[in-house]
Amino acid sequence: MDIATLDQQLRIPLIASPMFLVSGPELVLSCCQNNIVGSFPSVNRRTTEEFEEWLVEIKVGLKTYNEGSSKTAAPYAVNLVVHRTNPRWKADLAVCVKHEVPIIITSLGAATEVVEAVHSYGGLVFHDVTTPYHARKAANAGVDGIIAVCSGAGGHSGATNPFALVGEIRAFFDKSIILGGALSSGKDIAAALQMGADYAYMGTRFINVQESMAPRAYQDMIVEADSSQIIYTPSVTGVPANFLRPSLVAAGYDLTALGAPGKVNYGEKLKPPKEGTKTWVDTWSAGHGCGVIDDIPTVTQLVDRMEEEFKTSLEETIQKAKKYTN
Ligand SMILES: Cc1cc2nc3c(=O)[nH]c(=O)nc-3n(C[C@H](O)[C@H](O)[C@H](O)COP(=O)(O)O)c2cc1C
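Throughout what follows, the structure given in this document is the object of discussion. Computed from a prediction, not measured in an experiment: that's the story for all the values here.

**What about the layout of surface pockets?**
Turning to step 1, where the next piece is worked out: When its volume is computed, the second largest pocket comes out at roughly 240 Å³.
Turning to step 2, where the next piece is worked out: Lining the second largest pocket are 14 residues, with L62, N66, P75, Y76 and P102 positioned closest to its centre.
Turning to step 3, where the next piece is worked out: Looking at the lining of the second largest pocket, the element that brings in the most residues is helix α3 (residues 48-67), giving four residues.

**Regarding the nonpolar core**
Turning to step 1, where the next piece is worked out: If you look at the biggest cluster of nonpolar residues, it comprises 75 residues, and the most contacted ones within it are V78 and F206.
Turning to step 2, where the next piece is worked out: Take this core: its biggest share by element is six residues, from α3.
Turning to step 3, where the next piece is worked out: Per-domain counts for this core show at least three residues from each of domain 1 (3-213) and domain 2 (216-288).
Turning to step 4, where the next piece is worked out: With residues up to four places along the chain from it excluded, the contact list for V78 reads F40, S42, F51, L55, C96, V101, I103, I104 and I105.
Turning to step 5, where the next piece is worked out: Ranked by size, the runner-up nonpolar core spans 16 residues in total, among them L6, I105, I147 and V149.

**Focus: the pattern of salt bridges**
Turning to step 1, where the next piece is worked out: Scanning the entire structure with this criterion turns up 13 salt bridges.
Turning to step 2, where the next piece is worked out: Here E113 and K90 are joined by a salt bridge, their closest N and O atoms 3.4 Å apart. Taken together, the residues span a long stretch of sequence, with E113 in helix α5 (residues 112-119) and K90 in helix α4 (residues 89-99) at a distance of 23 residues.
Turning to step 3, where the next piece is worked out: Exposure remark for E113: the relative accessible area of 40% places this residue in the partly exposed category.
Turning to step 4, where the next piece is worked out: Across the pair D198 and R170 runs a salt bridge whose closest N-O atoms are separated by 2.8 Å. Of this pair, D198 sits in the loop between α8 (186-194) and β8 (199-202) while R170 is found in helix α7 (residues 162-170), placing the two residues 28 residues apart along the sequence.
Turning to step 5, where the next piece is worked out: With relative accessibility at 30%, the residue R170 sits in the partly exposed group.
Turning to step 6, where the next piece is worked out: Salt bridges sharing partners connect three or more residues here, namely R11, D304, E307 and K311.

Criteria and thresholds
- Residues numbered from 1 in each chain as written.
- Predicted model: local features only at pLDDT ≥ 70, side-chain atom pairs only at ≥ 80, totals over all residues.
- Heavy atoms only, no water.
- 1 Å grid on protein atoms, 1.4 Å probe; cavity = no way out; pocket = protein on both sides within 12 Å on 5 of 7 lines; lining within 4 Å.
- Points joined across faces, edges and corners; volume = space filled by probe spheres on them.
- Helix = DSSP H or I, 4+ residues; strand = E, 2+ residues; numbered from the N terminus.
- Core = buried A, V, L, I, M, F, W, Y, C linked by side-chain atoms within 4.5 Å.
- Buried < 20%, exposed > 50% of the residue type's maximum accessible area, 1.4 Å probe, protein only.
- Domains from an automatic or database assignment.
- Contact = heavy atoms within 4.5 Å.
- Salt bridge = Lys/Arg side-chain N within 4 Å of Asp/Glu carboxyl O.

As structure tokens, this is what we get:
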């Protein structure tokens, strides 16, 4: 897999990003069959063996699809959390190498080891960052793409404005930049390209599709919420992340006790106070994009719509630009 081949297999430049407890084979297969990149975190299965079962399911699903279709599905990606807190990452990487996973998305450590292993079979490595410092480290490790996770993103969000972070990364990195953080429509994908990115990265939008593993009450909360309902705090997981306010209240959190990001010391990581509630399972993460998400379509319906919006938006931009090119 090289970037040129990836581009040939995409309808629109979009990666449905990996989400803990949300992305599984059904979502990945549906994304790839609709010619956008589908992905999932290896830790969505409890063991490396179970993770490998999902990989096989996805590979077989794509092979069957490609044999019976006039078009080739887009490649899939696996997210590896490369950090000492994930003792499985080396074993999971070995399984990815064995199955020649086309794209590996790394978060936290941009280990040169991962890049070497994945390049050995011709795969691509995209690394996600929230700061220029970590982007430089990833560039030095030889990654093929840097994912700029900007402010307003679901999960462990960055806090930097996307214009600033994309511009800073582009100044020293001439390979692919993937932009994430509150992107929800085809118009947003067009805007990402205009800003200097090569691909859009969407998480929250794909919580609300029929093929996601998110419970219906979580999806309904996203439909109901606007961006002011998103709380950015390090107190839930120990790292700044965005959560839906009603889910924190339901888990018993005192919102006034939550730490605010930006301090040198984030403050205490608090367990969900209500008996029987668990972080991520009951505290639901979403980005600022929830404000414009008001449905739960199938992936096919969503990608058809986004392709249309993407093309219309590019055309509108060309028309607007004409006013200034005389
Ligand atoms: C519920 C949820 C779980 C997530 N889990 C992961 C994860 O396991 N690994 C990862 O790299 N990113 C994870 N993310 C972050 C996304 O991959 C992506 O960076 C983010 O969703 C993009 O912003 P958006 O949600 O505004 O589109 C998660 C995001 C959400 C909303």
